[in-house]
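Residue strings, one per chain:
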Amino acid sequence: MPVNKRTFLKMSAAVLASAALPREIESAQNSTERNWAGNIEYSTAQIHSPKTLDEVRQVVKRCRKLRALGTRHSFNQIADSTENLVSVWHLDQVVSLDKASRTVTVGAGMRYGELSEYLHEKGFALHNLASLPHISVAGACATGTHGSGVENGNLATAVLGLEVVTADGEVLTLSRDKDGDRFDGTVVALGGLGVVTAVTLEIQPTFSVRQDVYQNLPVKQVRGHLDEILASGYSVSLFTDWQGDTVNQVWVKTRIGEETAQTGGPELFGAKLAAKNLHPIAELSAENCTEQMGVAGPWHERLPHFRLNFTPSSGEELQSEYFVPRDHALKALTAVYELRDRIAPHLLISEVRTIDADRFWMSPCYQQPCLTIHFTWKQDWPAVKALLPVIEQALEPFDVRPHWGKLFTIPSSRLSARYQRLPAFRELLAAHDPQGKFRNAFFETHIFGGA
């Protein structure tokens, strides 16, 4: 049943009372057959939950077909299987911390929230975080998930090494320093090369961040000063419903010691500094959002939009996200703005962010800095499914690429043309998984469909 905005707000408020449940209880209460949003019902009830590397190897050896599950935050069927699923939920420990080389190795199921708390206590930090600290390290990196910031690469750019169980049950270890091009094809691999069991990340000394939120940014200022607005902080997000002549909110996260002239000022390009903490959806309580109002705090308590111990929403939503080269940013935003009347009835909120270029073959940001346009939709898939091709067609002139873990309808032929290293990626898949053990319908359609 479609969820209107009023119903969504009620459900979001209702879940806050149970949002801080311990992780084990929360896991037990989630359906074992659906993703976090509830829009995907997995095609098999055979879900394996190994607790060690050896157990993962055994599962992989005996299964003819399987896919790996993390925290189940993908909105499409990228992680689905008709035969077997293997959850890395129990592989959630810090394996090692090397303070001298500034690296940390963690199990694939470790969530960014717990890892961030651990690192901060030890005096370290990651370069960036996504909006939600609830997502797993391996799953986020495998799909090119990101935060924001004109000089910040996606979360996978912190990856220095991977441990992967391949189709024959053997353990493959790869590193940025030793494996070069093959490593670049393996980090954002969409789960196609095997089950990632551990990830080594680059870390840095811990730092503090302040967060300031501005309201009602004039669209004319966006048109005249987009680059300056997006560069006004270490991480910047624009939240908009595409209505009227203003952008609803601008969230500016600034590293202490790197303040710009605008930080904390009463205005930002005509937008007014908020007088209280805000939620991206204005009608919702900001209780579950990270601290704002310019109050400095640890990096991991400001870079995400939402706190780890609170549920950001009820999950009754759908999400899509589109990447365009930053050179096309303003034209792409204008194209979407012209569709505002068609978008409005189905939208909860949109977020606009920036990500720096990276070197990973299947990343939407491969060799190009990007701007992303994110849509949080009401959970009405028929309506959203009809609308996505309209948005994708409007963005087609700008070499649009979708987020691999969210909803899209771009044909595989167009995707193939956008990923210059896709032929090499197919060869890598064939070399490591010649029988297609880790392939599923998503892979056959979007990775091999244009072959």
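Relevant structure appears above.
Residues numbered from 1 in each chain as written. Predicted model: local features only at pLDDT ≥ 70, side-chain atom pairs only at ≥ 80, totals over all residues. Heavy atoms only, no water.

### Observations concerning the sheet that holds strand β1 (residues 47-48)
For the record, the criterion: When DSSP locates at least two bridges between a pair of strands, those strands are taken to pair. Helix and strand assignments follow DSSP, with helices taken as H or I runs no shorter than four residues and strands as E runs no shorter than two, numbered in order from the N terminus.
Pairing is parallel in the open sheet, where 3 strands are placed in the order β1-β3-β2. Lying at the two open borders of the sheet, with one neighbouring strand each, are β1 and β2 (67-69). Across 2 bridges, the pairing between β1 and strand β3 (residues 85-87) is parallel. Looking across to β3, one finds that I47 is bridged to L85.

### Concerning the nonpolar core
In plain terms, the rule: Throughout, nonpolar core names a set of buried Ala, Val, Leu, Ile, Met, Phe, Trp, Tyr and Cys residues whose side chains join them through atoms within 4.5 Å. Only protein chains enter the accessibility calculation, which uses a 1.4 Å probe. A residue is then buried if its area is under 20% of the maximum for its type, exposed if over 50%, and partly exposed in between. A contact between two residues is defined here by any heavy atoms of the two lying within 4.5 Å.
Formed by 129 residues in total, the largest nonpolar core has its most connected members in I343, F375, W377, W404 and I447. The element best represented in this core is helix α8 (residues 329-337), accounting for 6 residues. If we skip the residues at most four places from it in the chain, I343 touches W242, V336, F375, W377, L387 and I391.

### Topic: the pairing of strand β11 (residues 208-218)
Extensive coverage of β11 is indicated by the burial of 8 of its 11 residues. With 2 bridges joining them, β11 and strand β16 (residues 297-298) adopt antiparallel strand pairing. Within the sheet, the bridge partner assigned to V209 lies in β16 and is G297. By the bridge criterion, 9 bridges tie β11 to strand β13 (residues 246-255) in an arrangement that is antiparallel. Bridged to V209 within β13 is R255. Where β11 meets strand β15 (residues 271-273), 2 bridges bridge the pair, whose relative direction is antiparallel. Of the residues in β15, the one forming a bridge with Y214 is L273.

Don't take any of this as a statement about function, it's just geometry.
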